[in-house]
Amino acid sequence: MKNLKFLTLALFAVSMFMTSCSKDEVAPVVKDQVSAEVIEQFKSMDMNTNGIQIKDVQLPDGTTEKSYILEGDLAVPVGQLEDMLASDITEGPNGEQYRTNNLVNGTRTLRVLGYTGGSFALTSKMRTGLSWAVANYNALPLRLSFTLSYGTNTGNADIVVYKVNNSGGGGSAGFPSGGNPYKWVRINSGTNNFTTNVNEHVICHEIGHCIGMRHTDWFNRISCGSNQNEGTAGVGAVHIPGTPTGNTSSLMNACFSTSENGELKTTDRTALNFIY
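In every chain, residue numbers begin from 1 and rise along the written sequence. At least 70 in pLDDT is required for a residue's local features to be given in this predicted model, at least 80 for side-chain atom pairs to be given and counted, and no such filter applies to totals for whole chains, interfaces and linings, which use all residues. The basis for every side-chain value is the complete set of non-hydrogen atoms in the structure, without hydrogens or water.

(A) Representation of the overall build of the chain. Elements are defined by DSSP. Helices are runs of H or I of four residues or more, strands are runs of E of two residues or more, and each kind is numbered from the N terminus. Of regular secondary structure, the chain possesses five helices and twelve strands. Counting over 276 residues, the chain shows a buried share of 57%. Here a residue-residue contact requires only that any non-hydrogen atoms of the pair lie within 4.5 Å. A separation of at least 24 residues holds for 75% of the contacts in the chain among residues at least 6 apart in sequence. When accessible area is computed with a 1.4 Å probe and restricted to protein chains, residues below 20% of their type maximum are described as buried, those above 50% as exposed, and intermediate ones as partly exposed.

Below you can see the structure in the form of structure tokens.
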């Protein structure tokens, strides 16, 4: 069964409470080359730096975000490295489901926008998958509810789901900051080659990141057939009580198969009900 990676771009765009009065000094970027100092700083957080590079990530509002790209599918906005280095998170892997330290505050309705403009427009299949994903969350008795609309006015949206030109399946998103969800969910154009259920799965997974869910297997990415530790990376990896050890079927696994049904698993629902 084919497993595909989620591209968790802008994964670490999170503001952290400082645990010390001082911060580690971040080495500068020189001519878009990653310095040896930066590489060592990432290694100090147990991150794989093979092939590290800097790229401009394009957003549908016309802006770009310069980020360090690691492990082929993780990105750290250049300005966020300092906060990551200042983090003092030590929780270890035990096989349960995990969340970030920062969550979405309050009892509130999150406005989700399916983007319809130009080359960033979601396909028909992606739009259906998005509607099913939003319904998955609204079926739970959470203090968060979700509305869904389509258009190009990103300013009024809490979460914007849009398509990017990438032939691989999967998507990318980030984590909450300042009590708000991460705003940008990128769905790779290649996801359209899979079933509507797979599109639902990918989008539901990425929205999970936006509200603070980490990969269930962040410490070894076993769902990808590998043994790579994503590290706590300055955002935390906090065990969610009530979720079992040894979970391998979560919608929040790092990689997915082509036979996914798109639905939240029992442990996903337990996790979401606990934190929201």
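Additional details are given in the paragraphs that follow.
(B) Region of the structure containing the state of the cysteines. Cysteine sulfur atoms are paired as a disulfide whenever they fall within 2.5 Å. Enumeration according to the criterion identifies one disulfide in this entry. Put simply, Cys224 and Cys255 are joined by a disulfide, and their sulfur atoms are 2.0 Å apart. Judged by the sign of its S-S torsion, about 95°, the bond between Cys224 and Cys255 is right-handed. Of this pair, Cys224 sits in the loop between helix 4 (196-210) and strand 11 (238-239) while Cys255 is found in strand 12 (residues 255-257), placing the two residues 31 residues apart along the sequence.

(C) Representation of the sheet that holds strand 9 (residues 171-172) in the model. Criterion used throughout: strands pair if DSSP finds at least two bridges between them. With mixed pairing, five strands are arranged side by side in an open sheet as 7-6-8-10-9. The strands lining the two open edges of the sheet, one partner per strand, are strand 7 (144-151) and strand 9. The axes used here are C-alpha line fits, helices contributing only the stretch in contact, and every angle between their N-to-C directions lies in the interval 0 to 180 degrees. On the sheet, helix 3 (residues 124-138) packs against strand 6 (108-115), strand 7, strand 8 (159-164) and strand 10 (184-188) and is oriented at approximately 165° with respect to strand 7. Of the strands in this sheet, strand 7, strand 8, strand 9 and strand 10 touch helix 4, which is tilted by about 155° from strand 10.

(D) Inspection of the packing of aromatic side chains at higher detail. Ring geometry is summarised as follows: Phe, Tyr and Trp rings, the Trp one being its six-membered ring, pair when their centres sit within 6.5 Å, and such pairs are stacked at plane angles under 30 degrees, edge-to-face over 60 and tilted between the two. With the rule as written, the count across this model stands at four aromatic pairs. Ring geometry for Tyr115 against Phe120: centres 6.4 Å apart, planes inclined by 75°, an arrangement best described as edge-to-face. Of the two residues examined, Tyr115 and Phe120, each falls in the buried class. On the numbers, 5.6 Å between centres and 80° between planes, the contact of Phe120 with Tyr162 is edge-to-face. Of this pair, Phe120 sits in the loop between strand 6 and helix 3 while Tyr162 sits in strand 8, and the two are 42 residues apart along the sequence. Chaining the aromatic ring pairs together yields one cluster made of Tyr115, Phe120, Tyr162 and Trp184.

(E) Local environment of the confidence of the model for the chain. Per-residue confidence from the prediction method is given by pLDDT, with values spanning 0 to 100. In the predicted model, the chain carries a mean pLDDT of 77, and the fraction of residues at 70 or more is 67%. Across residues 8-31, confidence stays below pLDDT 50; counting only partners more than four residues off in sequence or on other chains, it has 86 contacts. Between residues 87-96, whose pLDDT stays under 50, and residues either more than four places distant or in other chains, the model counts 30 contacts.

(F) Seen up close, the environment of Val112. Along the polypeptide, Val112 turns up in strand 6. Under the relative-accessibility criterion, Val112 is labelled buried at 1%. When the C-alpha atoms of Val112 and Thr154 are compared, they prove to be 9.4 Å apart, with 42 residues separating the residues in sequence. Not counting residues up to four positions away in its chain, the partners in contact with Val112 are Leu130, Val134, Phe146, Thr147, Leu148, Ser149, Ile159 and Val161.

(G) Representation of the pairing of strand 10 in the model. Counting buried positions along strand 10 yields five of five residues, so the element is predominantly enclosed. Of the two faces of strand 10, both are covered, the one formed by Trp184, Arg186 and Asn188 as well as the one formed by Val185 and Ile187. When strand 8 meets strand 10, the two strands line up parallel, connected through five bridges. Of the residues in strand 10, the one forming a bridge with Val164 is Asn188. As judged from the two bridges shared by strand 9 and strand 10, these two strands associate in the antiparallel manner. Bridge pairing links Gly171 to Ile187 in strand 10.

(H) Highlighting the side chain of Ser257. For Ser257, the position within the fold is in strand 12. Judged by its relative accessible area of 7%, Ser257 is buried. Separated by 3.1 Å, the side chains of Ser257 and Ser259 make a polar contact. Pairing of N or O atoms within 3.5 Å defines a polar contact, subject to two protein rules: one partner must be a possible hydrogen donor and the other a possible acceptor, and residues neighboring in sequence count only if both atoms are side-chain atoms.

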